[in-house]
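Commentary on secondary and tertiary structure
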Amino acid sequence: MANMQPLGQTFKVDVIGGCFLTSVDLFFAYKDTESIPIRVEIRNVVAGAPGQRVLPHSTKVLETVDINVDEENGSVPTTFTFDSPVFVQEAQEYAIVLMTKSTEYRVWTAEMGQVDIQTGEVIATQPALGVLYKSSNDSAWTPAQSEDLKFVLKKAFFNINRLGNVTLQNDIIGEAIEYSDDSADNKGVAYGRRLRPNPLILTNSSTVMRVKHIDHG
């Protein structure tokens with residue numbers, strides 16, 4: 001079985017307050033012919049290189065049938081849409097990491113000093129203040145300082161001025177308990193569960209009380 005030989009591209013978030021990533025576009029020149037999928041993750045960065053911590057909801061796997069290929073100029077994207085938006089913090093570095101057991105996948109990159117195959121112009125700057133990294137074991141990473149992965153990151157836009165309706169409903173839990181007091185108006189039925197032994201936790205010199213009880217809210 002072939003080992004994972006990941007490819008990583010770091011980037012820095014320049015959005016004030018951070019943002020939520022919804023998807024990433026990658027550009028493939030070749031793909032696997034034996035139906036071996038490819039996985040994309042967003043990871044933390046340690047000492048400039050991709051780390052081991054994968055951001056929540058940022059793992060996406062696509063089968064070969066879902067990979068678009070463009071051998072000529074890399075203009076056709078393949079979109080990896082995350083199952084849920086992925087939050088990235090302002091001024092922090094992260095890494096897009098591609099992982100597969102196939103050796104047939106090829107992605108488009110840009111190299112400093114070379115001619116852009118689409119525009120015909122010489123590539124003079126690197127995008128997103130990032131670096132392309134290669135690895136044979138997902139642990140030790142080798143930088144390709146003059147090369148960068150071609151990618152497009154997409155972020156979510158939230159319309160905070162739009163009002164919505166939320167419906168909340170309390171389901172009946174526990175057993176029915178009749179209650180009443182001296183007032184004729186204060187009678188009824190409540191539903192609940194008995195408290196466990198010692199359900200209240202207090203700490204000396206603290207105003208915080210913890211409650212150990214299912215569905216207490």
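Residues numbered from 1 in each chain as written. Predicted model: local features only at pLDDT ≥ 70, side-chain atom pairs only at ≥ 80, totals over all residues. Heavy atoms only, no water.

What follows is about the side chain of Asp32. Residue position: Asp32 is located in the loop between β3 (28-30) and β4 (38-46). Arg106 provides the closest opposite charge to the buried, salt-bridge-free Asp32, at an N-O distance of 9.1 Å. Within the local environment of Asp32, its side chain forms a polar contact with the backbone nitrogen of Glu34, the two atoms lying 2.6 Å apart. One polar contact links Asp32 to Ser102, side chain to side chain, over a distance of 2.6 Å. Setting aside residues no more than four positions away along its own chain, Asp32 makes contact with Thr64, Ser102, Glu104 and Tyr105. (Helix = DSSP H or I, 4+ residues; strand = E, 2+ residues; numbered from the N terminus. Buried < 20%, exposed > 50% of the residue type's maximum accessible area, 1.4 Å probe, protein only. Lys, Arg positive; Asp, Glu negative; His and termini not counted. Salt bridge = Lys/Arg side-chain N within 4 Å of Asp/Glu carboxyl O. Polar contact = N/O pair within 3.5 Å; in protein donor to acceptor, adjacent residues only side chain to side chain. Contact = heavy atoms within 4.5 Å.)

All right, on to the pattern of salt bridges then. Taken as a whole and assessed by the stated rule, the structure comprises 5 salt bridges. A salt bridge links Asp138 to Arg43, with the shortest nitrogen-to-oxygen separation between them at 2.8 Å. Here Asp138, found in the loop between β11 (132-135) and β12 (141-144), pairs with Arg43, found in strand β4; they are 95 residues apart in sequence, far enough to count as distant. In this pair, the class of Asp138 matches that of Arg43, namely buried. Among the charged side chains, a salt-bridge network with shared partners connects Arg39, Glu41, Arg43 and Asp138.

Right, let's talk about the sheet that holds strand β7 (residues 78-88) for a bit. Spatially, the 3 strands line up as an open sheet ordered β7-β2-β14, and their pairing is antiparallel. Since the sheet does not close on itself, it has two edges, and those belong to β7 and β14 (151-155), each with one partner. Neighbour-to-neighbour, the strand axes of this sheet turn through a mean angle of 25°, independent of strand direction. In this sheet, β7 lies alongside strand β2 (residues 19-26) in antiparallel orientation, the contact comprising 7 bridges. Note that in β7 the partner of Cys19 across the bridge is Val88. (Pairing = 2+ DSSP bridges. Axes fitted to C-alpha atoms, helices over the stretch in contact; angles between N-to-C directions.)

Turning our eyes to something else, we now look at the nonpolar core. One finds Phe11, Val24, Leu26, Phe80 and Ile96 to be the most contacted residues of the largest nonpolar core, which totals 26 residues. Elements with a contribution of two residues or more to this core: β1 (7-12), β2, β4, β7 and β8 (93-99). Those residues in contact with Val24 that lie beyond four places of it in its chain are Val40, Thr78, Thr79, Phe80, Phe82, Ile96, Phe151, Val152 and Leu153. (Core = buried A, V, L, I, M, F, W, Y, C linked by side-chain atoms within 4.5 Å.)

Of the pairings in the sheet, the one linking β1 to β11 comprises 3 bridges and is antiparallel in character. Paired with Gln9 across the bridge in β11 is Leu132. Where β11 meets β12, 4 bridges bridge the pair, whose relative direction is antiparallel. The partner of Leu132 across the bridge, within β12, is Ala144. Linking two consecutive strands that pair antiparallel, namely β11 and β12, is a turn of 5 residues; a positive phi of about 60° is found at Asp138 within it.

Below, the discussion takes up a nonpolar patch on the surface. On the surface, Phe20, Phe87, Phe158 and Ile160 cluster together into a nonpolar patch covering about 440 Å² of accessible area. Positionally, Ile160 belongs in the loop between β14 and β15 (175-180). (Patch = residues over 30% accessible without salt bridge, like charges linked within 9 Å, V, L, I, M, F, W, Y side chains within 5 Å. Areas by Shrake-Rupley, 256 points an atom, 1.4 Å probe, with all protein chains shown as cover.)

What follows is about the environment of Lys212. Counting through the fold element by element, Lys212 comes out in the segment after β18 (209-211). Taking the C-alpha atoms as reference points, Lys212 and Gly120, separated by 92 residues in sequence, lie 66 Å from one another. When sequence neighbours within four positions are dropped, the list of residues in contact with Lys212 reads Arg196, Pro199 and Ile201.

According to the stated counting rule, one finds 5 aromatic pairs in the structure shown. With 5.1 Å between their ring centres and 50° between their planes, Phe20 and Phe87 make a pair best called tilted. One end of the pair, Phe20, is in strand β2; the other, Phe87, is in strand β7, and 67 residues separate them in sequence. A residue is classified by how much of its surface remains accessible, and Phe20, at 32% relative accessible area, is partly exposed. Judged by centre distance (6.4 Å) and plane angle (40°), the rings of Phe28 and Phe80 are tilted. With Phe28 in strand β3 and Phe80 in strand β7, this pair connects stretches of sequence that are 52 residues apart. Taken as a pair, Phe28 and Phe80 share a single burial class, namely buried. Each residue in the set Phe20, Phe87 and Phe158 is aromatic and connected to the rest through ring pairs, giving one cluster. Lying across the ring of Phe27, Lys150 places its NZ or CZ 4.3 Å from the centre. (Phe/Tyr/Trp six-rings, centres within 6.5 Å; stacked < 30°, edge-to-face > 60°. Lys NZ or Arg CZ within 6 Å of the ring centre and 35° of its normal.)

Interpretation in functional terms is not warranted from these geometric data alone.
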